[in-house]
Amino acid sequence: MSLLQHYKTFVKQHPSLVLNLERLLHWVAWNPERFSGSEFAYEAFNAAVGLLGIYNESILTEHPDYNATVARYALWLAAVEQVQTLVELRAIQLEQRGKMSRYGPLMVLESVKTLLRLQLWRSSKCTLALESVSKEDTQHHECEQQLKDLLQVCYITLVCYRCDTYSCHIAL
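Residues numbered from 1 in each chain as written. Predicted model: local features only at pLDDT ≥ 70, side-chain atom pairs only at ≥ 80, totals over all residues. Heavy atoms only, no water.

Asks: Account for the overall build of the protein, naming residues and giving values.
Replies: Each helix and strand in the protein was counted, giving seven helices and zero strands. From first element to last, N terminus to C terminus, the protein shows the α and β order α-α-α-α-α-α-α. Here the protein holds 172 residues, and the buried ones make up 20% of them. Pairs at least 24 residues apart make up 64% of the contacts formed inside the protein by residues separated by at least 6 positions. Accessible surface for the protein amounts to roughly 13000 Å². Of this, 62% is attributable to carbon and sulfur atoms. (Helix = DSSP H or I, 4+ residues; strand = E, 2+ residues; numbered from the N terminus. Buried < 20%, exposed > 50% of the residue type's maximum accessible area, 1.4 Å probe, protein only. Contact = heavy atoms within 4.5 Å. Areas by Shrake-Rupley, 256 points an atom, 1.4 Å probe, with all protein chains shown as cover.)

Below you can see the structure in the form of structure tokens.
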């Protein structure tokens, strides 16, 4: 078993420990003065912790019925968005040194994000899939559907009550 497989198994067996370790890393990086003199180092540490969190979340939310291609594009999109601030900061630093315009890397970054979103949209059969569906969202959708069905039954009952039986049967 590879080291990566061991890590995935560990994350699946100890999700609360992994979450607490991520929180600890975010807490360590919370104060930018810890990285005195280098805003880039601070942003790089935050990006690394964010990428680790995204990877751990992808491990914990793996589902056998979920389209692997959609999950891969969503993971890449989240990763690009996580390092976006770091790229922007580096572009500003290079612009200040006179080496390049800051807008070149930003245009490339936005183009990559657009292509990933389009691929994500295409892979999900042209449905809007920005994030994986949570259990709460699924329950909320089911409740809304049940309420819609109940309102439809109430409407049909109201129509039948207002009209005579013969015309009600024709309307149904």
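Asks: Talk me through the nonpolar core; I want residue IDs and the actual numbers.
Replies: Taken as a class, soluble globular proteins show a tendency for nonpolar side chains to be buried jointly. Counting seven residues, the largest nonpolar core is built from V70, Y73, L77, V80, L109, L116 and L120. Of all the elements in the fold, those that place two or more residues in this core are α4 (68–96) and α5 (103–123). Residue contributions to this core peak at four residues, all from α4. Contact partners of L77, with chain neighbours within four places excluded, come to K113, L116, R117 and L120. (Core = buried A, V, L, I, M, F, W, Y, C linked by side-chain atoms within 4.5 Å.)

Asks: Help me get a handle on the pattern of salt bridges, residues and values and all.
Replies: Counted under the stated rule, the structure contains three salt bridges. Note that R117 is salt-bridged to E81, the shortest N-O span being 2.7 Å. Remark: E81 occurs in helix α4 and R117 occurs in helix α5; sequence separation between them is 36 residues. Owing to a relative accessible area of 36%, E81 belongs among the partly exposed residues under this scheme. Among the salt bridges present, the one from R102 reaches E95, with a minimum N-O distance of 2.7 Å. (Salt bridge = Lys/Arg side-chain N within 4 Å of Asp/Glu carboxyl O.)

Asks: Just give me the short version of the side chain of E22, but keep the residues and values in it.
Replies: Structurally, the position occupied by E22 is in helix α2 (residues 15–29). The buried charged residue E22 lacks any salt bridge partner; its closest oppositely charged side chain belongs to R23, at an N-O distance of 7.6 Å. (Lys, Arg positive; Asp, Glu negative; His and termini not counted.)

Asks: Describe a nonpolar patch on the surface, listing the residues and the values that go with them.
Replies: Taken together, the side chains of F10, L17, L21, L24 and W27 present a nonpolar region at the surface, about 480 Å² in accessible area. Turning to its location among the elements, F10 is positioned in helix α1 (residues 3–13). (Patch = residues over 30% accessible without salt bridge, like charges linked within 9 Å, V, L, I, M, F, W, Y side chains within 5 Å.)

Asks: Could you give an account of the confidence of the model for the protein, with specific residues and numbers?
Replies: Detailed reading of the predicted coordinates is not advisable wherever pLDDT is low. Residues with a pLDDT of 70 or more make up 80% of the protein, whose mean pLDDT is 80. Mean pLDDT values over the elements of the protein span from 52, in helix α7 (residues 165–171), up to 90, in α1. (pLDDT = per-residue confidence, 0-100.)

Asks: How would you explain α2 if you had to name every residue and give the values?
Replies: Between its first and last C-alpha atoms α2 spans 21 Å; for 15 residues at 1.5 Å apiece the expected length is 21 Å, and the two agree. Three or more residues of α2 are buried, namely V18, E22 and A29. Buried positions in α2, seen along its axis, are confined to an arc of 40 degrees and lie on one side of it. For α2, exposure combined with an orientation more than 90 degrees from the buried face picks out S16, R23 and W27. Packing partners of the buried residues in α2 comprise α1 and α3 (39–60). (Expected span 1.5 Å × (residues − 1). Arc of directions from axis to C-beta.)

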